[in-house]
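# Descriptive structure summary
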Amino acid sequence: MTKTTMLLACPECGAESPYDVWQSINTAENPQAREDVLNGKINVFECPKCGTRSMVPSSLLYHDPDRKIIAQYYPPESMKETHFFDQFDAEGRITLPIPEKQRENMPAYLNNIHVTFTMPELILYIRFREQLFIEQRQKKVDASKR
């Protein structure tokens with residue numbers, strides 16, 4: 001898990017305030033962060049002066065190793081950055097800067113990072129994958145009873 005404290009200015013009143021901006025979340029290390037993502041509370045700045053809420057335009061890597069979910073959120077404006085597309089292959093998969101030897105020992109799902117460009121899209125993807133995890137686990141249980 002990675003977060004950085006930044007001084008943010010309110011887009012409404014201009015008041016500056018420190019805020020913890022998350023760059024990555026590992027739900028095994030911080031289960032509460034999962035709830036915060038699903039409830040739309042991660043990287044949402046609330047001005048202590050005027051109460052205005054705004055999304056912080058910061059990328060976020062979401063990793064749930066127990067359910068084998070990994071997804072990367074990018075703010076849409078990221079696509080305007082000079083080298084943004086350099087991190088993807090021709091099929092749109094993120095190319096990880098990890099040596100081949102280390103990749104051999106990585107779980108396969110880590111090589112298939114799902115990319116989203118809105119937080120609601122990230123939340124829907126997580127909910128989809130969690131339900132899929134439950135359904136697949138139930139199928140295995142049912143099959144073992146036969």
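As the structure is a computational prediction, the values presented were derived from the model and not from experiment. Residue numbers here run from 1 along each chain, matching the order of that chain's written sequence. Local features in this predicted model are restricted to residues of pLDDT 70 or higher, and side-chain atom pairs are both shown and tallied only at a pLDDT of 80 or more, whereas totals for entire chains, interfaces and linings draw on every residue. Side-chain metrics in this entry use all non-hydrogen atoms of the structure; hydrogen atoms and water are not considered.

By the element assignment, P120 lies in helix 3 (residues 119–144). Linking P120 and L38, residues 82 residues apart in sequence, is a C-alpha distance of 8.8 Å. In this text, helices come from DSSP runs of H or I with a minimum length of four residues, and strands from runs of E with a minimum of two, each type numbered from the N-terminal end.

Bringing the pairing of strand 6 (residues 69–73) into the picture now. Here strand 6 lies mainly inside the structure; 5 of its 5 residues are buried. Exposure classes here rest on a 1.4 Å probe applied to the protein chains alone. A residue is buried below 20% of its type maximum, exposed above 50%, and partly exposed in between. Where burial is concerned, the two faces of strand 6 agree: the one with I69, A71 and Y73 and the one with I70 and Q72 are both buried. Pairing between two strands requires that DSSP report at least two bridges joining them. Pairing of strand 5 (residues 60–64) with strand 6, which is carried by 5 bridges, proceeds in the antiparallel orientation. What sits directly across from L61, in strand 6, is Q72. Linking strand 5 back to strand 6 in an antiparallel pair, the connection comprises 4 residues, with K68 at a positive phi of about 60°.

This part is about the nonpolar core. The set of buried Ala, Val, Leu, Ile, Met, Phe, Trp, Tyr and Cys residues whose side-chain atoms join them within 4.5 Å is what this entry labels a nonpolar core. Of all hydrophobic cores here, the largest spans 16 residues; its most connected members are I25, V37, I42, L60, Y62, L122 and I126. Only strand 2 (16–26), helix 1 (31–38), strand 5, strand 6 and helix 3 provide two or more residues apiece to this core. Sorting elements by how many residues they give to this core places helix 3 first, with 5 residues. Every residue pair with non-hydrogen atoms within 4.5 Å of one another is taken to be in contact. The residues touching L122, leaving out its near neighbours within four places in the chain, are V37, L60, Y62, A71, Y73 and T116. Counting 11 residues, the second largest nonpolar core, distinct from the first, contains Y74, F84, I94 and M106.

Right, let's talk about the pattern of salt bridges for a bit. Salt bridge, as used here, is a side-chain nitrogen of Lys or Arg placed within 4 Å of a carboxyl oxygen of Asp or Glu. The final tally for this structure, using the stated rule, is 8 salt bridges. For K3, the salt bridge identified is with D20, shortest N-O distance 3.7 Å. Here K3, found in strand 1 (residues 2–9), pairs with D20, found in strand 2; they are 17 residues apart in sequence, far enough to count as distant. On the accessibility criterion, D20 (31% relative accessible area) is partly exposed. Its salt-bridge partner being R53, residue E46 comes within 3.6 Å of it at the nearest N-O pair. With relative accessibility at 52%, the residue R53 sits in the exposed group.

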